[in-house]
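# Inside the fold
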Amino acid sequence: MNDLIRNRRSIRKYNPGKKVTKEQINQLLEAAMLSPSACNSRPWEFIAVTNRGILDEITRIHPYAQMCKTAAAAVIVVAVPQTGTPEGYFAQDCAAATENILIEAVSLGLGTCWCGVYPREERIEPFRALFKIAEPKIPFNVIAVGFPDEMPESRGFFDEAKVTYIE
């Protein structure tokens, strides 16, 4: 298994003195846009945030995104359902794009934390207002990005009890 997957953690404390470059953000976004999507519909857009005032505002509108107080950046994944397939796979597609960001961040020495926005209306509306996201687009999640100031223990593990083998 790839060490990037094994080393990925949800980081909630960042080194506030280290900045994330535009080039690093673009690498994360390139990884996102290389992810699979149903019928190659690519039903996503991204907002890259490095403005300290906006990062602080995110902590006021999302109760579980407090790590943005020390993060150097954030990426808002915006779902664009109307570009997706009629079956509505935008949530799976945006989740795949998000996971690619999380794994690419490890390769760059960055830490991330994925905080859901969709499907919670009490989170969607404030994100719509803050980032001027018009319907039918949907703020899907916010990903805090920065240089880790902690390294939590892994909480994931292989659990064969959750696998059914059909041979």
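To keep things clear, this report deals only with the structure shown in the data block. (Residues numbered from 1 in each chain as written. Predicted model: local features only at pLDDT ≥ 70, side-chain atom pairs only at ≥ 80, totals over all residues. Heavy atoms only, no water.)

## Description of the packing of helix 3 (residues 52–61) against helix 5 (residues 121–131)
- Contact pair helix 3 / helix 5: the axes reach a minimum separation of 10 Å and the direction vectors enclose 160°. Our classification of the angle between helix 3 and helix 5 gives roughly antiparallel. Crossing of helix 3 against helix 5: the hand is right-handed. In this structure, helix 3 uses Ile54, Glu57, Ile58 and Ile61 to contact helix 5, whose residues at the interface are Pro126, Phe127, Leu130 and Phe131.
- For the contact of helix 3 with helix 5, a count of residues per class yields seven nonpolar, no polar and one charged. (Axes fitted to C-alpha atoms, helices over the stretch in contact; angles between N-to-C directions. Helix = DSSP H or I, 4+ residues; strand = E, 2+ residues; numbered from the N terminus. Parallel < 35°, antiparallel > 145°, perpendicular 65-115°, else oblique. Left-handed = near helix turned anticlockwise from the far one by under 90°. Contact = heavy atoms within 4.5 Å. Nonpolar A, V, L, I, M, F, W, Y, C, P; charged D, E, K, R; others polar.)

## Quick look at the state of the cysteines
- This model, assessed by the stated rule, comprises zero disulfides.
- There is no disulfide at Cys113, and the cysteine sulfur nearest it, in Cys115, is 4.4 Å away.
- In this structure Cys113 comes out as buried when scored by relative accessible area, which is 2%. (Disulfide = S-S within 2.5 Å. Buried < 20%, exposed > 50% of the residue type's maximum accessible area, 1.4 Å probe, protein only.)

## Thoughts on helix 4 (residues 90–107)
- The end-to-end C-alpha distance of helix 4, which contains 18 residues, comes to 26 Å, matching closely the 26 Å that a straight helix rising 1.5 Å per residue would cover.
- Tucked inside the fold, the buried residues of helix 4 contact helix 1 (3–7), helix 2 (22–33), strand 1 (44–49), strand 2 (73–79), strand 3 (111–116) and strand 4 (138–146).
- At the exit of helix 4 stands Gly109, carrying a positive phi of roughly 80°. (Expected span 1.5 Å × (residues − 1).)

## Some words on the sheet that holds strand 2
- Across the sheet, four strands lie side by side as 1-2-4-3; this open sheet has antiparallel pairing. Either end of the sheet is taken by a strand with one partner, and the two such strands are strand 1 and strand 3. Taken over all neighbouring pairs, the strand axes of this sheet differ in orientation by 20° on average, direction set aside.
- Bridge count between strand 2 and strand 4: seven bridges; the pairing is antiparallel. Across the sheet, the residue bridging to Ile76 is Val142, located in strand 4.
- Most of the contacts of helix 4 go to strand 4, to which it runs at about 5°, and overall it touches strand 1, strand 2, strand 3 and strand 4.
- Running over the sheet, helix 5 touches strand 1, strand 2, strand 3 and strand 4 and is turned about 75° from strand 4. (Pairing = 2+ DSSP bridges.)

## Overview of the pattern of salt bridges
- All chains considered together, the criterion is met by five salt bridges.
- For Glu57, the salt bridge is made with Arg60, and the minimal N-O distance between the two is 2.9 Å. Of this pair, Glu57 and Arg60 both sit in helix 3, three residues apart, which is roughly one turn of that helix.
- Residue classification places Glu57 among the partly exposed positions, given a relative accessible area of 25%.
- Here Arg60 falls in the exposed class, since its relative accessible area comes to 58%. (Salt bridge = Lys/Arg side-chain N within 4 Å of Asp/Glu carboxyl O.)

## What about the side chain of Arg123?
- Following the sequence through the fold, Arg123 ends up in helix 5.
- Of the side chains bearing the opposite charge, Glu122 lies closest to the buried Arg123, which forms no salt bridge; the N-O distance is 4.7 Å.
- Those residues in contact with Arg123 that lie beyond four places of it in its chain are His62, Pro63, Tyr64, Gly116 and Val117. (Lys, Arg positive; Asp, Glu negative; His and termini not counted.)

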